[in-house]
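A look at the structure
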Amino acid sequence: MVRANGAVSLRELARVVQTSEVTVRRDVRALEAEGLLDRRHGGAVLPGGFTRESGFPQKSHLATAEKTAIADLAAGFVDEGEAIVVGAGTTTQELARRLARVPGLTVVTNSLLVAQALAHANRVEVVMTGGTLRGSNYALVGSGAEQSLQGLRVSRAFLSGSGLTAERGLSTSNMLSASVDRALVQAAGEVVVLADHGKLGSDTMFQTVPTDVITRLVTDEPPGHDDRAATELQALADQGVQIAVASGSGAGQGPGQPGAEGAVGERRASRRDVPLPGQRRNLPPSGASSPLRSAASLADGPNGRVADLAPRRR
């Protein structure tokens, strides 16, 4: 599986071989000792494969139910007439399919998959970055993509990645993708990270968004036995990240709708706003729109149960 995909998670390995993650972890350690693969937090890669990652065909079949729930909930945070950026990824692709119904929306993206999902949306304007096509995830990367984002200003960015920790924030396994994601972040007043619970606690090579820059995390509800994900969620909340958790039991609900406020496990908390980091002050408020037509011209001139965790009192 590692040879075919470049990387694989312990969770997926355990599912395929029908055993526990503890057993898989022991076997992966033995394979590493033989030089057949390298262990990474939460998974394994080819030897020296820190920059390798699963391609789109493999990613598109992983955690599909979770990605759908996350996309349903995240779409509720987008307002009519807003200008946003949407990064590359299978979860952001799911989000884009739902954004096609938001009138007056302008979406700036480096993802061909996101653009394709919005191609036939009559009331949504799509702005593509420049750059070099990276075939494994159908994204535009490189200096062309980064330069086209210079001077851009939008209300918020929606990004995904390979791993998310409270200590380091969002990360990815590819240097070029990380660099473009950082440029997308610089263009936005708020940063919304979309990550299923399997990515919580995982750390990969290239940091894209530090924790103190993340405004909100939209994720799915971790299983009751997943202590690592639950601990990571609370740690993120302690650092000021607003947590929105989607669950199947809350289908059809979104922010502002009856039943939207909920809890993670037994922890109940009301939604709250946290100040944006200092380097991102004086940016447009949430929901503000910007007349966008092309990245070049700019450079010149939720369904589910929502729970925003409050930090623990010390």
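1. Section: the confidence of the model for the protein chain
- Summarising the model, the protein chain shows a mean pLDDT of 77, and 72% of its residues fall at 70 or more.
- Residue range residues 249-303 is modelled with pLDDT below 50. Its contacts to residues more than four positions away, or to other chains, number 125 contacts.

2. Quick notes on the sheet that holds strand β1 (residues 7-9)
- Taken together, three strands build an open sheet; the order of strands is β1-β3-β2 and the sheet is antiparallel. What marks the edges here is a single partner per strand, and that holds for β1 and β2 (38-40). Strand-to-strand twist in this sheet, taken as the mean axis angle between neighbours without regard to direction, amounts to 25 degrees.
- Alignment of β1 against strand β3 (residues 43-45), held across three bridges, turns out to be antiparallel. Pairing of V8 across the sheet is with A44, part of β3.
- Here helix α2 (residues 10-17) sits on the sheet and contacts β1 and β3; the angle it forms with β1, its principal contact strand, is near 75 degrees.

3. Here's the deal with the layout of surface pockets
- Taken as a whole, the second largest pocket holds about 290 Å³ of empty space.
- Contributing to the lining of the second largest pocket are 14 residues, with M1, V2, L13, L31 and L37 lying nearest its centre.
- Among the secondary structure elements, those contributing two or more residues to the lining of the second largest pocket are α1 (2-5), α2 and α3 (21-33).
- A total of four residues in the lining of the second largest pocket trace back to one element, the largest contributor, which is α3.

4. Considerations on the side chain of K199
- Mapped onto the secondary structure, K199 falls in the loop between β12 (188-194) and β13 (206-209).
- In contact with K199, not counting residues within four places along its chain, are S160, G161, S162, G163 and L164.

5. Quick word on the sheet that holds strand β14 (residues 216-220)
- Read from one edge to the other, the open sheet built from seven strands follows the order β6-β5-β4-β9-β12-β14-β15, with strand pairing classed as parallel. Where the open sheet ends on each side, the last strands, each with one partner, are β6 (124-128) and β15 (242-246). Strand-to-strand, the axes of this sheet are offset by a mean angle of 20 degrees, without reference to chain direction.
- As defined by bridge partners, β12 adjoins β14 across three bridges and the pair is classed as parallel. Note that in β14 the partner of L194 across the bridge is V218.

6. What to know about the packing of helix α5 (residues 64-75) against helix α6 (residues 90-99)
- Look at α5 against α6: their axes get within 8 Å of each other, and the N-to-C directions meet at 50 degrees. For the element pair α5 / α6, the angle class is oblique. The two elements α5 and α6 meet at a crossing, and its hand is right-handed. Residue-level inspection shows K67, T68, I70, A71, D72, A74 and A75 of α5 in contact with α6, the latter providing T90, T91, E94, L95, R98 and L99.
- Classifying every residue of the contact of α5 with α6 by side-chain character gives six nonpolar, three polar and four charged.

7. Things to note about helix α10 (residues 227-238)
- For α10, built from 12 residues, the straight-helix expectation of 16 Å at 1.5 Å per residue is met to within 8% by its first-to-last C-alpha distance of 16 Å.
- G240, located one to two residues past α10, shows a positive phi value of around 95 degrees.

8. Observations concerning the pattern of salt bridges
- With the rule as written, the count across this model stands at seven salt bridges.
- Salt-bridge contacts for R98 lead to D72; the nearest nitrogen and oxygen are separated by 2.4 Å. Of this pair, R98 sits in helix α6 while D72 sits in helix α5, and the two are 26 residues apart along the sequence.
- R98 is the salt-bridge partner of E94, the closest N and O atoms lying 3.1 Å from each other. You can see E94 and its partner R98 sitting in helix α6, four residues apart, about one turn around the helix.

9. Concerning a nonpolar patch on the surface
- On the surface, a nonpolar cluster with roughly 250 Å² of combined accessible area is contributed by M1, V16 and V17.
- With respect to the helices, strands and loops of the structure, V16 is situated in helix α2.

Calculation notes
- Residues numbered from 1 in each chain as written.
- Predicted model: local features only at pLDDT ≥ 70, side-chain atom pairs only at ≥ 80, totals over all residues.
- Heavy atoms only, no water.
- pLDDT = per-residue confidence, 0-100.
- Contact = heavy atoms within 4.5 Å.
- Pairing = 2+ DSSP bridges.
- Helix = DSSP H or I, 4+ residues; strand = E, 2+ residues; numbered from the N terminus.
- Axes fitted to C-alpha atoms, helices over the stretch in contact; angles between N-to-C directions.
- 1 Å grid on protein atoms, 1.4 Å probe; cavity = no way out; pocket = protein on both sides within 12 Å on 5 of 7 lines; lining within 4 Å.
- Points joined across faces, edges and corners; volume = space filled by probe spheres on them.
- Parallel < 35°, antiparallel > 145°, perpendicular 65-115°, else oblique.
- Left-handed = near helix turned anticlockwise from the far one by under 90°.
- Nonpolar A, V, L, I, M, F, W, Y, C, P; charged D, E, K, R; others polar.
- Expected span 1.5 Å × (residues − 1).
- Salt bridge = Lys/Arg side-chain N within 4 Å of Asp/Glu carboxyl O.
- Patch = residues over 30% accessible without salt bridge, like charges linked within 9 Å, V, L, I, M, F, W, Y side chains within 5 Å.
- Areas by Shrake-Rupley, 256 points an atom, 1.4 Å probe, with all protein chains shown as cover.

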